[in-house]
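Residues per chain are reported as follows:
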Amino acid sequence: MSASVVPYTPKKKSDALPSIDATNEIQDPLDFSFCRLNKVEDALDEEPRLSPRKDACTAESGKSLSRCLRLNNNSLQNIERLGEIINAKFENPKNIAWIDLSFNELTTVDPVLLEFTELQILYLHGNQIADIKEIGKLSGLPKLRKITLHGNPLEKAKGYKFQVLAMVPQLQAIDFSRVTKCDRKTAEVWNKLNNAPKKKKEKIDDD
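The structure displayed is predicted, hence computed values, not measured ones.

Rules of the game
- Residues numbered from 1 in each chain as written.
- Predicted model: local features only at pLDDT ≥ 70, side-chain atom pairs only at ≥ 80, totals over all residues.
- Heavy atoms only, no water.
- Helix = DSSP H or I, 4+ residues; strand = E, 2+ residues; numbered from the N terminus.
- Buried < 20%, exposed > 50% of the residue type's maximum accessible area, 1.4 Å probe, protein only.
- Contact = heavy atoms within 4.5 Å.
- Areas by Shrake-Rupley, 256 points an atom, 1.4 Å probe, with all protein chains shown as cover.
- Core = buried A, V, L, I, M, F, W, Y, C linked by side-chain atoms within 4.5 Å.
- Pairing = 2+ DSSP bridges.
- Arc of directions from axis to C-beta.
- Salt bridge = Lys/Arg side-chain N within 4 Å of Asp/Glu carboxyl O.
- Polar contact = N/O pair within 3.5 Å; in protein donor to acceptor, adjacent residues only side chain to side chain.
- Phe/Tyr/Trp six-rings, centres within 6.5 Å; stacked < 30°, edge-to-face > 60°.
- Axes fitted to C-alpha atoms, helices over the stretch in contact; angles between N-to-C directions.
- Parallel < 35°, antiparallel > 145°, perpendicular 65-115°, else oblique.
- Nonpolar A, V, L, I, M, F, W, Y, C, P; charged D, E, K, R; others polar.

Caption draft 1: Expanded view of the overall build of the protein. Each helix and strand counted, the protein has three helices and seven strands in total. The burial tally for the protein puts 39% of its 207 residues in the buried class. For the protein, the proportion of contacts with a sequence separation of at least 24, taken over those separated by at least 6, is 67%. Looking at the protein as shown, the accessible area adds up to about 13,600 Å², and 52% of this sits on carbon and sulfur atoms.

Caption draft 2: Seen up close, the nonpolar core. If you look at the biggest cluster of nonpolar residues, it comprises 42 residues, and the most contacted ones within it are Leu82, Ile99, Leu101 and Leu138. Of all the elements in the fold, those that place two or more residues in this core are α1 (82-89) and α2 (160-167). Once residues within four sequence positions are removed from consideration, Leu82 is found in contact with Val40, Leu69, Leu71, Ile99, Val112, Leu113 and Phe116.

Caption draft 3: Spatial organisation of the sheet that holds strand β1 (residues 30-31). One open sheet holds the seven strands; their spatial order is β1-β2-β3-β4-β5-β6-β7, and the pairing between them is mixed. Taken across any chain shown, the strands that pair with only one partner, and hence form the sheet edges, are β1 and β7 (177-178). Across two bridges, the pairing between strand β5 (residues 146-148) and strand β6 (residues 173-174) is parallel. Bridge pairing in β6 links Ile147 to Ile174.

Caption draft 4: Seen up close, the environment of Glu41. With respect to the helices, strands and loops of the structure, Glu41 is situated in the loop between β1 and β2 (68-70). On a C-alpha basis, the gap between Glu41 and Leu76 in space is 9.9 Å, while along the polypeptide they are 35 residues apart. When neighbours within four sequence positions are excluded, Glu41 is seen to be in contact with Arg81 and Ile85.

Caption draft 5: Structural view of α1. Looking only at α1, the buried set comprises Leu82, Gly83, Ile85, Ile86 and Lys89. All buried residues of α1 project into a common sector of 160 degrees when viewed along the axis, lining one side. Tucked into the core, α1 has its buried residues touching β1, β2 and β3 (98-100).

Caption draft 6: Looking closely at the pattern of salt bridges. With the rule as written, the count across this model stands at eight salt bridges. Between Asp31 and Arg49 there is a salt bridge, with its nearest N and O atoms 3.9 Å apart. Separated by 18 residues along the polypeptide, Asp31 in strand β1 and Arg49 in the loop between β1 and β2 bring together distant segments of the chain. The partner of Lys137 in a salt bridge is Glu134, with the nearest N and O atoms 2.7 Å apart. Looking at Lys137, the relative accessible area reads 33%, which means it is partly exposed. In this structure, a network of salt bridges that share partners links the residues Asp31, Arg49, Arg70 and Asp100.

Caption draft 7: Focus on the side chain of Asn74. On the secondary structure map, Asn74 appears in the loop between β2 and α1. Polar contacts involving the side chain of Asn74 include one to the main-chain amide nitrogen of Cys35, which spans 3.0 Å.

Caption draft 8: Examining the packing of aromatic side chains more closely. Under the criterion given, the structure shown has two aromatic pairs. Their ring planes at 75 degrees and their centres at 5.7 Å tell us that Trp98 and Tyr123 sit as a pair that is edge-to-face. You can see Trp98 sitting in strand β3 and its partner Tyr123 sitting in strand β4 (residues 121-123), a full 25 residues away along the chain. Assigned by exposure class, Trp98 and Tyr123 land together as buried. Ring centres of Tyr123 and Phe176 lie 5.5 Å apart, and the angle between their planes is 70 degrees; on these two criteria the pair is classed as edge-to-face. Taken as a pair, Tyr123 in strand β4 and Phe176 in the loop between β6 and β7 lie far apart in primary sequence, 53 residues in all. Counting every residue linked through ring pairs, the aromatic cluster contains Trp98, Tyr123 and Phe176.

Caption draft 9: Broad picture of the packing of α2 against helix α3 (residues 181-195). Look at α2 against α3: their axes get within 8 Å of each other, and the N-to-C directions meet at 85 degrees. Here α2 lies roughly perpendicular to α3, going by the angle between them. The segment α2 lies against α3, with Lys161, Phe162, Gln163, Leu165 and Ala166 engaging Asp183, Arg184, Thr186, Ala187, Trp190 and Asn191. Here the contact of α2 with α3 is composed, by residue class, of five nonpolar, three polar and three charged.

Shown next as structure tokens:
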């Protein structure tokens, strides 16, 4: 008897983009840190900081092939025109996975960030965001897994880390610390206690 042969079926290639991390990024970020930018659109006229690597990660169009953008250590007060910058500087703007906006003067989380649905890492530490509810806007980023917020006034809020996790449950790390199962349980309990519908007091009629 001849052995049966199972026909070979090649695996389909996944269209999903690989995970990205600040420590293992293959391509250097497009770096506009320490450029004294007062407005995000000022980056249009700036040259990014030179990479220590010799191989330039640029397409034939001259745009960057990187998936990372650094705008940290500037004086940015808003990022309304961030999309304009990313479209102008990146070959594949929708693939942006890591944005560093740390050490600026931001007071809110701009909805423009929600345009980048592949975003996985967002640095916002060292800004001036006071209202912790601003972070809830980021729940619309399904792939966001790491965020930094320390050094903002909002970190003084009671149960700060658990509030953030309750609003953005897809996170895997907050302020460079891994989110544990215990953290998730605590965030769930905090959310139930603080968002439970309040019972209406029954009105007692006078006889």
